Amino acid sequence: MNSLRRISSWEGHIPKGIEFLAGDLLKDESLPKSWLKALLEDPGRELFCDIDGRWINRGEFLARSHDAACAMHASGLSRGERILMSAAASIGGLVHYVGALRLGLVVVPMNTSYTKTEVFHIVGDVKPSAAIVDSDERAEWIVEAAKQPGFSTPFLGPGADLPLPRGDLQVYFADKSYAHCTDCAAQLDMAQSGTPALIAYTSGTTGRPKGAILTHGNLLASAKSLNMAWRWDERDRLVLALPLFHMHGLGVGVNGTLCAGSSAVLSDRFDPERVCQAVTDYSASMFFGVPTMYQRLLELECLEPFRSLRLMVSGSAPLSRETHRAMEERSGQTVLERYGTTESLIDISNPFEGERIAGKVGFPLPGVEAAISADRSELFISGPTVFSGYLNDPAATAAAFPNGDGWFATGDVGDVDERGYVAIAGRLKELIISGGYNVYPKEVEDVLRSHPAVRDAAVVGVESTRWGEEVVAFVVKGSDLREEELKAHALLHLANYKRPKRIFFVDEFPRNALGKVISAELRSAAASMR
Ligand code: AMP
């Protein structure tokens, strides 16, 4: 049993004059009920804009999601069945997403760049009855994967009470429209807060992706909490260039927009110029991105258009102090950094009002409880946003809740300062033990990045007969730099055991779709380059 030290609460996020009760986050019960409430008002108001500049208003969107739900019901799908979603951001894709949730289906976002092998893994794990896609090739892979032997065999886990697949997988193309349905027998918008809404796969940078089962209550509480903390309301317009197979794009961007009754401009991929243009063309008020997106925005000649935004948010990976500072200098925006995981959604955030500190992720969001374990300084989260378990993986589920009391062990090491701000030191799995001492890669990376000729750094631990593990650095240069110079810089700022024993200069790091460095690939590259 880990003893936990609670981190101070969420008061700093609550607008003045508002009395907040955590139960308020779940008042609407489910995502569709909350969305209907927001969207039924003023149906002519703009909601989503596609990359080609075409808008859909609230009324049309609700009607099309209703028709999509009726079409899914007419083809035999019923509440609790699972539907994969593997499509770039588009109005049609979102119509199907919302239609599926209104019918009570469980949506499984799947990375659009997965290879056939990865698609087979997810399909075999999820056993979906249907899929929403925007590519013939992916449709073929999914249909083929669903013909695997044993596809319809029952499986164990928190999803075991869901209906079994029926063997005839339905494919819906994101751009398809349906005839208006006036006499549908489907019962829509019936989900309760405990009903599963999504099975979200973790990005698997440290292991095989696992499917986290998220309920309507989890997702609703998270979106509502962010709406409040970031003062996000119907006047806002988000430029959304994040992929929708990750909770940053879907759980924050899409669900948050629909809960707030605001609007969003969708982009099927991230392109710095396109984002900059969209901010101006559509008078956007917000942009949410991952740190690599901010690094790429900084490559633009002019960041002036971003001055007009109300809020820029970064999350999903650590934002370096250098990037934070450069954004502030060049765009006037103090990026608000926040922290979350697929399993517990968004948990900790710098404040909208109050100081946003570079290198810190802030304090717990409204409704979220956070604590640090006494033994390993691991960050634990509990509250309405925390998932119920992994699909088909009771062992991983038990490991995620080691105390058996609803506190989720994030696997991240956290440090809290006297003002209650949390800093993420790194992932426990990536902790390097060199000569018996603990080294957090992030600390070494921060020092290397502070050298003016270093554009970026990634540090891993590699097995060593002498040290147990040795610290190895991969560095992308911004200008001329010799290894000895960088070693001299490390000598000034890092204790002996933290200094990289080997440094490799590379052009770029292997990254996943969210821009996170895939450290397993760096470790094996370092091991093979002895
Ligand atoms: P995912 O489940 O793909 O969203 O990954 C969650 C992990 O991303 C967390 O466990 C952290 O290791 C990392 N992460 C997310 N946000 C931040 C942040 N602001 N700073 C540092 N690490 C972060």
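Residues numbered from 1 in each chain as written. Predicted model: local features only at pLDDT ≥ 70, side-chain atom pairs only at ≥ 80, totals over all residues. Heavy atoms only, no water.

Here we look at the sheet that holds strand β18 (residues 378–382)
For clarity, the cut-off: By the convention used here, strands pair only if DSSP detects at least 2 bridges between them. Secondary structure elements follow DSSP: runs of H or I no shorter than four residues count as helices, runs of E no shorter than two count as strands, and numbering proceeds from the N terminus. To define axes, lines are fitted to C-alpha atoms, for helices over the stretch in contact only, and angles between the resulting N-to-C directions are given on a 0 to 180 degree scale.
The strand order across the open sheet built from five strands is β1-β17-β18-β20-β21, with neighbouring strands paired in antiparallel fashion. Each end of this open sheet is capped by a strand with a single partner; those strands are β1 (4–6) and β21 (422–427). Here the average twist between neighbouring strands, direction ignored, is 45°. Note: strand β20 (residues 408–416) against β21, five bridges, orientation antiparallel. When the sheet's bridge partners are listed, G414 is paired in β21 with I424.

Let's talk about the site of the ligand
Going by this rule: Consider each residue's heavy atoms; a residue with any of them within 4 Å of a molecule or strand counts as near. Under the rule applied, a polar contact is a pair of N or O atoms within 3.5 Å (in protein, one hydrogen donor and one hydrogen acceptor; residues adjacent in sequence only if both atoms are side-chain atoms). Computed by Shrake-Rupley with a 1.4 Å probe, the accessible areas treat only the displayed protein chains as cover when residues are assessed. Amino acid classes used here: Ala, Val, Leu, Ile, Met, Phe, Trp, Tyr, Cys and Pro are nonpolar; Asp, Glu, Lys and Arg are charged; the rest, including Gly, are polar.
Around the ligand sit 15 residues in total, of which R338, T342, D412, R427 and K516 are the nearest. At 2.6 Å from an oxygen atom of the ligand is found a side-chain nitrogen or oxygen belonging to R427. A distance of 2.7 Å separates an oxygen atom of the ligand from a polar side-chain atom of K516. Compared with its free state, where it exposes 500 Å², the ligand has 91% of that area covered by protein. It is strand β14 (residues 336–341) that provides the largest number of residues to the shell around the ligand, a total of five residues. Class assignment of the residues belonging to the shell around the ligand gives a composition of four nonpolar, six polar and five charged.

Quick notes on the side chain of N350
The line we're drawing: Whether two residues touch is decided by their heavy atoms; if any such pair falls within 4.5 Å, the residues are in contact.
Summarising the element assignment, N350 is placed in the loop between β15 (345–349) and β16 (363–364). Among the polar contacts listed, one links the side chain of N350 to the backbone oxygen of E337, at a separation of 3.0 Å. Not counting chain neighbours up to four residues away, the residues in contact with N350 comprise H13, W230, L336, E337, E355, R356, I357, K360, V361, G362 and Y421.

Things to note about unusual backbone geometry
The test is simple: Summary of the burial criterion: residues with accessible area below 20% of their type's maximum are buried, those above 50% are exposed, and those between are partly exposed, where the area comes from a 1.4 Å probe applied to protein chains only.
With phi around 55°, D42 is a residue other than glycine that occupies positive phi space. Assignment of secondary structure puts D42 in the loop between α1 (31–39) and β2 (46–49). In the Ramachandran plot, S283 falls in the positive-phi region, its phi being about 45° despite a non-glycine side chain. When you line up the elements, S283 lands in the loop between α8 (272–281) and β12 (286–289). Given the relative accessible area of 59%, S283 is considered exposed.

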